[in-house]
Amino acid sequence: MPVILTLFASSNKEDYEPDTGCLKEYNGLAMYHNSLLHQDVIRLRGKYPRVKISYTDYYYPTINVVKSPGLYGFIDTPLQVCCGKGGPYNFNISENCGMPGVSACPNPSAYLHWDGAHLTEAAYRYISSTWLDGPYADPPLKRLHN
Ligand SMILES: *[C@@H]1O[C@H](CO)[C@@H](O)[C@H](O)[C@H]1NC(C)=O
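What counts, and where the lines are drawn
Residues numbered from 1 in each chain as written. Predicted model: local features only at pLDDT ≥ 70, side-chain atom pairs only at ≥ 80, totals over all residues. Heavy atoms only, no water. Salt bridge = Lys/Arg side-chain N within 4 Å of Asp/Glu carboxyl O. Helix = DSSP H or I, 4+ residues; strand = E, 2+ residues; numbered from the N terminus. Buried < 20%, exposed > 50% of the residue type's maximum accessible area, 1.4 Å probe, protein only. Near = heavy atom within 4 Å. Polar contact = N/O pair within 3.5 Å; in protein donor to acceptor, adjacent residues only side chain to side chain. Areas by Shrake-Rupley, 256 points an atom, 1.4 Å probe, with all protein chains shown as cover. Nonpolar A, V, L, I, M, F, W, Y, C, P; charged D, E, K, R; others polar. Contact = heavy atoms within 4.5 Å. Disulfide = S-S within 2.5 Å.

Details of the pattern of salt bridges
Line of reasoning, step 1. On inspection of all chains with the given rule, the structure shows 4 salt bridges.
Line of reasoning, step 2. As a salt-bridge pair, Glu-95 and Lys-85 come within 3.5 Å of each other at their nearest N and O atoms. Pair noted here: Glu-95 is in the loop between helix H3 (59–67) and helix H4 (121–132) and Lys-85 is in the loop between H3 and H4, with a separation of 10 residues, a long-range link.
Line of reasoning, step 3. A salt bridge links Asp-133 to Lys-142, with the shortest nitrogen-to-oxygen separation between them at 2.9 Å.
Line of reasoning, step 4. Judged by relative accessible area, Lys-142 falls into the exposed class, the value being 51%.

Considerations on the site of the ligand
Line of reasoning, step 1. As a structural note, the neighbourhood of the ligand is formed by Gly-87, Asn-92, Ser-94 and Glu-95.
Line of reasoning, step 2. Separating an oxygen atom of the ligand from a side-chain N or O atom of Asn-92 is a distance of 2.3 Å.
Line of reasoning, step 3. In the model, an oxygen atom of the ligand is placed 3.3 Å from a nitrogen or oxygen of the Glu-95 side chain.
Line of reasoning, step 4. In the complex, 37% of the free accessible area of the ligand, which totals 370 Å², lies under the protein chains.
Line of reasoning, step 5. For the shell around the ligand, a count of residues per class yields no nonpolar, 3 polar and 1 charged.

Quick word on the side chain of Asn-27
Line of reasoning, step 1. Here Asn-27 is to be found in helix H2 (residues 24–47).
Line of reasoning, step 2. Residue classification places Asn-27 among the buried positions, given a relative accessible area of 10%.
Line of reasoning, step 3. Setting aside anything within four residues of it in sequence, one finds Asn-27 in contact with Glu-17, Cys-22, Tyr-59 and Ile-63.

Comments concerning the state of the cysteines
Line of reasoning, step 1. Tallying each qualifying case throughout the model produces 2 disulfides.
Line of reasoning, step 2. Here Cys-82 pairs with Cys-105 through a disulfide, and the sulfurs are 2.0 Å apart. Of note, the bridge from Cys-82 to Cys-105 carries an S-S torsion of about -100° and is left-handed in sense. Taken as a pair, Cys-82 in the loop between H3 and H4 and Cys-105 in the loop between H3 and H4 lie far apart in primary sequence, 23 residues in all.
Line of reasoning, step 3. Shown here is the disulfide that connects Cys-83 with Cys-97, its sulfur atoms set 2.1 Å apart. Disulfide Cys-83-Cys-97: torsion about the S-S bond near 90°, hence right-handed. Within this pair, whereas Cys-83 is found in the loop between H3 and H4, its partner Cys-97 is found in the loop between H3 and H4, the two being separated by 14 residues in sequence.
Line of reasoning, step 4. Its relative accessible area of 4% is what places Cys-83 among the buried residues.
Line of reasoning, step 5. We classify Cys-97 as partly exposed; its relative accessible area is 26%.
Line of reasoning, step 6. Once the bonded cysteines of the chain are numbered in order along the sequence, the disulfide links fall as 1-4, 2-3.
Line of reasoning, step 7. Note on Cys-22: no disulfide assigned, nearest cysteine sulfur contributed by Cys-82 at a separation of 19 Å.

Below, the structure written as structure tokens:
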């Protein structure tokens, strides 16, 4: 997320993943959090067998787009924010989307990131498809009620 990349920017190149430009530690934290959450969802399912509960993952579909934006119809600078101003990611915590003098790009559906903290509708369309049909939901939501 551009807000994380901006707040925790590092001068040490080693802190960044070479294939994504993301901060290694924060992606590691996301994956660790999600694996614990997934385990707990499985545990809850065992404890309450009559409750339908799905684990949906936000990290993997998002990182897919960051790694191969063109494959999903996004611009090839996937860490750039559509609605923002300045800085390496077009994101400035002091000059946010919605403030005077801050404008949105003309083609938001080509962007992954809307305002630095939220994704675009186009990104959510892709992510939701991976939750409805799989593979980033356990079970996929379309199979939850069968
Ligand atoms: C962010 O916005 C503040 C307030 O307008 C400004 O002083 C600062 O230089 C901006 N930073 C970047 C990186 O553009």
